[in-house]
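Spelled out, the chains give:
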Amino acid sequence: MNFKYKALPRKDGPPRKTPTIPLTFIGPGDAIDVVAILDSGADISVLPLEIGEQLGLSLTKGKGPCAGIGGDVETSEDHVRVKIVQGHENYSFEIPVKIVLDRKCNIPVLIGRAGFFEEFEITFDERRERISLKKVARE
Amino acid sequence: MPTNDNYLGYMSADLRQYVGEWVAICSGKVVSHDPSFKKAYEEAKRQCHSKRPLLTMVPEEDTMIF
């Protein structure tokens with residue numbers, strides 16, 4: 001599967017080319033189609049509170065502070081099913097996620113390494129502004 | 001899974017006016033936007049009827065990065 005980088009606007013300065021991918025989160029409460037930022041620097045995927053609530057994920061399990069570049073925030077931890085499809089390729093698996101419990105923290109969906117990067121051989125092609133996901137067989 | 005229409009709509013959309021907001025795309029077009037995911041999502045579901053909208057957040061400069 002190949003996805004092109006998207007030029008995301010900034011308040012000041014030129015747009016920033018960003019590796020984003022479309023996927024579906026399937027939780028006990030709802031299924032939501034989102035475009036997420038693929039973040040190879042993140043240990044684990046991160047969801048804002050409102051998406052965690054809508055999906056019906058736990059807001060109490062694994063509660064604790066989570067350190068990020070922007071500082072510490074309170075998070076809970078759960079698992080959610082992700083589905084990613086392009087053409088004839090169709091993959092679905094569970095990943096761990098942290099849910100940011102601060103309602104004022106309006107963050108995009110970040111897909112980090114845990115549970116996701118093991119599923120694919122992932123190439124960030126900065127020159128061609130393209131992400132390639134090649135499914136790997138799990139041992 | 002996001003429909004191809006919605007993903008192509010996202011890729012071609014000019015998101016400059018939505019910095020700091022959630023944007024919902026249905027049938028390839030932006031149908032709602034709001035700083036609250038829930039408000040953007042509910043309005044999009046109302047407009048999309050049986051179709052599922054595609055949601056994305058346009059991050060601000062100071063968005064927390066993990």
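Residues numbered from 1 in each chain as written. Chains lettered and ligands numbered in written order. Predicted model: local features only at pLDDT ≥ 70, side-chain atom pairs only at ≥ 80, totals over all residues.

1. A closer look at the overall build of chain A
Scanning chain A for helices and strands turns up one helix and 12 strands. Secondary structure elements of chain A occur, N-terminal to C-terminal, as β-β-β-β-β-β-α-β-β-β-β-β-β. On C-alpha atoms alone, chain A measures out to a radius of gyration of 15 Å, which is about the 14 Å that the 2.2 N^0.38 rule sets for 139 residues. Seen through its C-alpha atoms, chain A measures out along the principal axes to roughly 45 × 40 × 25 Å. Taken across its 139 residues, chain A has 36% of its residues classed as buried. (Helix = DSSP H or I, 4+ residues; strand = E, 2+ residues; numbered from the N terminus. Rg over C-alpha atoms; globule rule 2.2 N^0.38 Å. Buried ≥ 20, exposed ≤ 12 C-beta atoms within 10 Å, placed from the backbone.)

2. Digging into the confidence of the model for chain A
Averaged over all residues, the pLDDT of chain A equals 91, while 95% of them reach at least 70. When pLDDT is averaged over each helix and strand of chain A, the minimum, 72, is found for strand S7 (residues 64-68) of chain A and the maximum, 97, for strand S4 (residues 20-26) of chain A. (pLDDT = per-residue confidence, 0-100.)

3. Quick notes on the interface of chain B and chain A
By a widespread convention, an interface's size corresponds to the accessible area lost as its parts come together. If you look at the interface, chain B gives 29 residues, while chain A gives 32 residues. Mapped onto the side of chain B that touches chain A, the elements with two or more residues apiece are helix H1 (4-12), helix H2 (37-48) and strand S3 (54-57) of chain B. Within the side of chain B that touches chain A, the residues separate by chemical class into 19 nonpolar, five polar and five charged. Pairing analysis gives two bridges linking strand S5 (residues 31-38) of chain A to S3(B), with the strands arranged parallel. (Contact = placed C-beta atoms within 7 Å. Nonpolar A, V, L, I, M, F, W, Y, C, P; charged D, E, K, R; others polar. Pairing = 2+ DSSP bridges.)

4. A look at the pairing of strand S11 (residues 120-125) of chain A
Residue and element names in this part refer to chain A. Of the strand pairs in this sheet, S11 and strand S12 (residues 130-135) are connected by six bridges, and their pairing is antiparallel. Bridge pairing in S12 links Thr 123 to Ser 132. A loop of four residues connects S11 with S12, the two strands running antiparallel in sequence, and Glu 129 in this loop sits at a positive phi of about 55 degrees.

5. A short note on the nonpolar core
Membership of the largest hydrophobic core comes to 46 residues, with the highest contact counts inside it found for Val34(A), Ala36(A), Val46(A), Val109(A), Ala24(B), Ala40(B) and Leu55(B). It is S5(A) that contributes the most residues to this core, six residues altogether. With residues near it in sequence (within four places) discarded, Ala24(B) still touches Val31(B), Ser32(B), His33(B), Ala40(B), Tyr41(B), Ala44(B), Pro53(B) and Leu55(B). (Core = buried A, V, L, I, M, F, W, Y, C linked by C-beta atoms within 7 Å.)

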